[in-house]
Amino acid sequence: MKIGIIGASGKAGSCIAEEALYRRHEVTAIVRDRSKITNPALAVLERNLFDLTAEDLKDFDAVVDAFGTAFDPESAKGHQTSMKHLISVMEQLPEVRFLVVGGAASLYTDRSHRKLVLEGIPEQWQAVPANMKAAFETLQTSAVNWTYFSPAATFDPNGPRTGKYRLGGNEVTVNSEGESYLSYADFAAAMLDEIEDGNHIRKRMTAASEKTPNKDGYFGTERRKPVFEGISTYRPPLNYELAGRDFHLKMDQTDDILVKFLTGDTLEMIRGENRYTEHYECAKGADLAYFVNLEITGADPRHNVTLILDLMTRLVTVVDTYVGYKKEYPTMCDHVYDFGAIVLPGHPLPEKRHGYTSDLVGKRIQWHYGPEFAIIHVYYHPNYVRATFAPEALARMTPPSPDDLESWAGHPYDEKAVYVKIREGLYVVSFTEQSMSKRGKIGNSLLFLMNTDRLHDVGRSFGHTGQFGGASYRPENYLFGAYGEYMTPEGDDALENEPPFYTV
């Protein structure tokens with residue numbers, strides 16, 4: 001996103017700028033004196049606040065007002081005059097968000113809304129907070145696309161960045177110790193979360209954080225600890241390197257795709273006449289090779305989109321996967337592949353593309369998805385994969401039911417598969433468990449970005465999860481990871497020698 005920060009050389013403004021750069025946004029410092037900006041990653045617009053025009057701010061997605069004054073009665077009036085000027089500018093830019101670093105004085109002390117924080121401030125110190133309160137009241141009556149962020153009563157410039165905080169609205173919010181406390185660093189994190197998520201449009205927000213770092217040792221911009229489910233125990237950390245980047249994908253078979261990674265977990269995608277803003281997850285399969293997974297909200301049938309972005313070769317593979325398109329098999333999945341290239345202005349498109357391959361035929365890999373879960377994949381045919389559990393892994397597993405364990409042990413299964421070469425040592429492998437669906441079980445779409453040099457893969461499972469044997473199930477779509485080891489077929493009983501099972 002393009003973010004302009006008025007007063008980026010001040011205490012709050014500089015923290016917000018640092019947080020925005022950390023999240024790979026395009027940040028412009030709007031200051032009176034260019035020499036006060038020393039970070040070379042910041043673009044600079046040298047302008048007095050009262051000289052700013054709509055033309056100066058029209059290209060930003062969000063403008064943050066971190067303007068501050070000296071703590072004296074005469075300077076304090078600047079909060080009202082500056083707000084009136086910025087309102088006159090921002091009302092001309094209804095699509096641009098306007099976020100204000102506000103004050104705590106206009107917060108109520110409790111839910112009864114009978115007393116303001118301002119009333120508890122000694123009279124000799126009320127000039128600045130009273131003027132900030134008046135400026136906020138003016139903002140509320142405007143037509144601006146605003147968010148007003150009041151810090152806690154104690155606003156600590158030296159406190160830690162924990163990345164965790166409690167949000168509030170019009171009343172003072174406290175931390176776990178009952179204190180109205182917020183560090184500048186966590187204020188900046190909450191401000192960027194709001195810019196990215198947009199949960200307080202034309203609303204006031206406030207926050208409180210802890211005075212010490214999290215006891216559980218978790219830090220970062222992710223607002224929650226990762227949740228591992230299914231076969232995601234060995235999933236690598238999610239990757240945020242695409243945040244702030246835009247791509248124009250020239251596809252061979254379908255419409256061009258314009259994708260803008262707004263943040264580390266939200267993207268905007270335009271395909272033909274359709275525009276989507278969706279949550280996504282990204283994992284890295286190799287240097288400059290990204291596995292991006294998302295689901296189109298509200299699509300019927302359910303629609304998953306996977307982008308394999310190979311920035312080394314400027315090539316892309318796009319896989320559209322659908323589930324619920326056949327009434328007789330409600331969990332059955334199917335997918336459509338398309339290949340393309342990444343447009344780079346001033347450079348010709350690459351002539352080659354990712355493509356189907358038989359490189360993996362004849363290989364046999366046991367993939368480990370957790371300490372007690374491993375499965376053997378036999379790539380015995382350009383259009384099929386054969387899978388079963390290794391005997392030692394089977395012995396350690398707790399089966400969903402004796403019937404399911406017996407079925408797996410006695411009958412490896414075949415599914416139609418797709419193999420695509422991304423580059424040497426890096427492949428996309430996918431199969432939709434249509435045979436499983438026809439047998440009355442849950443059959444998902446499994447898509448892997450497989451690194452055969454490191455014997456590691458990342459991928460996603462899209463479809464349904466639940467109990468085996470056709471019991472209740474629910475939708476699923478998550479990233480996973482695995483570590484592999486090459487296996488050697490042994491004797492006449494090797495899986496490669498078996499006739500196909502359960503082919504579609």
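Nothing here was measured: the structure is a model prediction, and the numbers come from that model.

Draft legend 1. Main features of helix 6 (residues 184-197). With 14 residues, helix 6 should reach 20 Å at 1.5 Å per residue; the first-to-last C-alpha distance of 20 Å fits that figure. Listing the buried residues of helix 6 in full gives Y184, D186, F187, A188, A189, A190, M191, L192, D193, E194, I195 and E196. In the segment just after helix 6, G198 is the residue with positive phi, at about 65 degrees.

Draft legend 2. Just the packing of aromatic side chains, in detail. This model, assessed by the stated rule, comprises 16 aromatic pairs. Between F136 and W146 the ring centres are 6.0 Å apart and the planes differ by 80 degrees, which places this aromatic pair in the edge-to-face class. Here the residue F136 occupies a position in helix 5 (residues 127-140), and W146 occupies one in strand 6 (residues 146-150), the gap between them amounting to 10 residues. For W146, a relative accessible area of 4% puts it in the buried group. Geometrically, the ring pair formed by Y337 and F339 is tilted, given 6.3 Å between the ring centres and 40 degrees between the ring planes. Assessed through its relative accessible area of 12%, F339 is described here as buried. One Lys or Arg, R386, reaches over the ring of Y380 and ends 4.2 Å from the middle of that ring.

Draft legend 3. Looking closely at the pairing of strand 11 (residues 246-251). Only one face of strand 11 is covered, namely the one carrying F247, L249 and M251; the face carrying D246, H248 and K250 has none of its residues buried. Sheet topology note: the strand 11/strand 12 (residues 257-261) ladder contains 4 bridges and is antiparallel. Opposite F247, over in strand 12, you have V259 as the bridge partner. Counting the residues in the hairpin turn of strand 11 and strand 12 gives 5 residues. Alignment of strand 11 against strand 18 (residues 333-342), held across 3 bridges, turns out to be antiparallel. Across the sheet, residue L249 finds its bridge partner in strand 18, namely I342.

Draft legend 4. Expanded view of unusual backbone geometry. Backbone torsion omega between D300 and P301 reads 5 degrees, so that peptide bond is classified as cis. Take P301: it is sitting in the loop between strand 15 (289-295) and strand 16 (302-310). Unlike most non-glycine residues, R202 shows phi in positive territory, near 55 degrees. If you trace the backbone, R202 turns up in the loop between helix 6 and strand 10 (203-208). Judged by relative accessible area, R202 falls into the partly exposed class, the value being 38%. Look at L288: it is not a glycine, yet its phi comes out positive at around 60 degrees.

Draft legend 5. Layout of the sheet that holds strand 10. Taken in spatial order, the 8 strands of this open sheet run 3-2-1-4-5-6-10-8, and their pairing is mixed. Two strands close off the open sheet at either side, each with one partner strand: strand 3 (43-46) and strand 8 (166-168). Averaged over all pairs of adjacent strands, the angle between strand axes in this sheet comes to 25 degrees, irrespective of strand direction. Helix 5 rests against strand 5 (97-101), strand 6 and strand 10 of the sheet, and its axis sits at about 155 degrees to strand 6.

Draft legend 6. Structural detail: the nonpolar core. I16, V64, M191 and I195 are the most contacted members of the largest nonpolar core, which has 31 residues in total. Listing elements by their share of this core, those giving two or more residues are strand 1 (2-6), helix 1 (11-22), strand 2 (26-31), strand 4 (62-65), strand 5, helix 6 and strand 10. Ranked by residue count, the leading element in this core is helix 6, at 7 residues. Each residue touching M191, except ones within four places of it in the same chain, is listed here: I16, V64, L99, V100, V101 and F149. In terms of nonpolar packing, the next biggest core, distinct from the first, is built from 26 residues, I6, F98, M132 and F136 among them.

What counts, and where the lines are drawn
Residues numbered from 1 in each chain as written. Predicted model: local features only at pLDDT ≥ 70, side-chain atom pairs only at ≥ 80, totals over all residues. Heavy atoms only, no water. Helix = DSSP H or I, 4+ residues; strand = E, 2+ residues; numbered from the N terminus. Expected span 1.5 Å × (residues − 1). Buried < 20%, exposed > 50% of the residue type's maximum accessible area, 1.4 Å probe, protein only. Phe/Tyr/Trp six-rings, centres within 6.5 Å; stacked < 30°, edge-to-face > 60°. Lys NZ or Arg CZ within 6 Å of the ring centre and 35° of its normal. Pairing = 2+ DSSP bridges. Axes fitted to C-alpha atoms, helices over the stretch in contact; angles between N-to-C directions. Contact = heavy atoms within 4.5 Å. Core = buried A, V, L, I, M, F, W, Y, C linked by side-chain atoms within 4.5 Å.

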